[in-house]
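Architecture and fold: a report
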Amino acid sequence: MMETEIEPEHHSETPLRKIVHVDMDAFYASVEQRDDASLRGKPVVVAWRGNRSVVCAASYEARRFGVRSAMPAMRAERLCPDAIFIPPDFTRYKAVSRAVREIFSRHTGLVEPLSLDEAYLDVTENKLGLPTATRVAQMIRRQIREELNLTASAGVAPNKFLAKIASDWRKPDGLFVIQPGEVSAFLLPLPVGRIPGVGKATEARLKGLGIATVGDLRDLGIEALETKFGRYGRRLYELANGIDHSPVVSDRPRKSLSAEDTLERDLPLSETEGLIRRLAEKVWAASRKDARVARTVVLKLKTSDFQILTRSLTPSIPPGDCEELTAIALFLRSRVAAAPDQRFRLVGVGLRNFAGAESLQPSLFEEFSNG
């Protein structure tokens, strides 16, 4: 199974693709262990200490105790009392990520980074003329190991959806290939939660409908799924059939830009103005590096009981300077109906709906929100 080339059944309306998804193994923690020999083989948690901190990454030694990314750091400490906490060094991680992407670029110009530690590669045609996509993935993993002293897992498949599932199949330091003729046999027994984008809430809703596996999802049919989930129902049906036409897009334009801060202590809404101003300054400075203009301003709040509130505003004329951005963010705060005793643990300010300056047209004042 590992060495056979992918030769998908080709239909005139379906592009013939060979996709590799590469995912670095416990990336931040692995970089720390690589650079400090005393950390190797030990449970490493990349996080700031404190009751407001969350885990950025955990080594596989720490994961054996149940420690996971995005978990509160205090819970990680309870699960693994012997864990070694290392504050994150994103400057160093970004430098290593650039070195990984340089390796990718030797093989294809079609690289779509998802984050610092993972990317899709379209190797339908590869620069080195290697005979199979599997060989390309093998060489990339070998180059990462030999040149960077790190490990990566990879999945090879006819599309992005399947390649992402495959890269997780033999982690860490693994390679898995899904052949076109094996898609149904591979997919149908999987729990629906393995489909990217199906979170706990959607999974629970599907199980309430008697759908536990991808096969159950396929059997329900597209009409029933569209009735219950709208347009997302069609997407679920396509994925249950192993269909994903989305191309690998290199240099994908940024969809949003934001800055947020988790507070040392929960604050009432009335005491967040200073933080909103600082976050707006940070976002505005970062937005100056983009030639496009953001039309929508977003305010994000997380309550002390972890409920997320967002308020968004799309004025007819986008904010032209930091003062205007700040004023809109503070206006959005005034649109939050918070009880006097309500407290907030996180505040964020963001921009989205980017467009080229030449394409902007005056539009009706638009405001929308969700809770």
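Residues numbered from 1 in each chain as written. Predicted model: local features only at pLDDT ≥ 70, side-chain atom pairs only at ≥ 80, totals over all residues. Heavy atoms only, no water.

1. Overview of the sheet that holds strand β8 (residues 175–177)
- Taken together, the five strands give an open sheet; going across it, the order is β5-β6-β1-β7-β8, and neighbouring strands pair in mixed fashion. Two strands close off the open sheet at either side, each with one partner strand: β5 (111–115) and β8. If you compare each strand with its neighbour and ignore which way they point, the axes differ by 15 degrees on average.
- Pairing between β5 and strand β6 (residues 118–122): four bridges, direction antiparallel. Across the sheet, residue Val111 finds its bridge partner in β6, namely Leu121.
- Against the sheet, helix α4 (residues 90–105) touches β1 (19–24), β5 and β6, its axis set at about 155 degrees to β5. (Pairing = 2+ DSSP bridges. Helix = DSSP H or I, 4+ residues; strand = E, 2+ residues; numbered from the N terminus. Axes fitted to C-alpha atoms, helices over the stretch in contact; angles between N-to-C directions. Contact = heavy atoms within 4.5 Å.)

2. Structural notes on the packing of aromatic side chains
- Within this structure, the stated rule accounts for seven aromatic pairs.
- With 5.6 Å between their ring centres and 35 degrees between their planes, Phe176 and Phe186 make a pair best called tilted. Within this pair, whereas Phe176 is found in strand β8, its partner Phe186 is found in helix α7 (residues 183–187), the two being separated by ten residues in sequence. Each member of the pair, Phe176 as well as Phe186, carries the same accessibility label: buried.
- An aromatic cluster is present here, built from Phe27, Tyr28, Phe90 and Tyr93 joined pairwise through their rings.
- If you follow Arg63 out to its NZ or CZ, it ends over the ring of Tyr60, 4.4 Å from the centre.
- The positively charged end of Arg205 is found above the aromatic ring belonging to Phe229, 4.3 Å away from the centroid. (Phe/Tyr/Trp six-rings, centres within 6.5 Å; stacked < 30°, edge-to-face > 60°. Buried < 20%, exposed > 50% of the residue type's maximum accessible area, 1.4 Å probe, protein only. Lys NZ or Arg CZ within 6 Å of the ring centre and 35° of its normal.)

3. Digging into the side chain of Arg141
- In this structure, Arg141 sits in helix α5 (residues 133–148).
- For Arg141, a relative accessible area of 17% corresponds to the buried category.
- One polar contact links the side chain of Arg141 to the main-chain carbonyl oxygen of Ala152, over a distance of 2.9 Å.
- Reaching out from Arg141, the side chain makes a polar contact with the side chain of Asp173 at a distance of 2.8 Å.
- Not counting the four nearest positions on each side in its chain, Arg141 is found in contact with Ala152, Ser153, Ala154, Asp173, Gly174 and Leu175. (Polar contact = N/O pair within 3.5 Å; in protein donor to acceptor, adjacent residues only side chain to side chain.)

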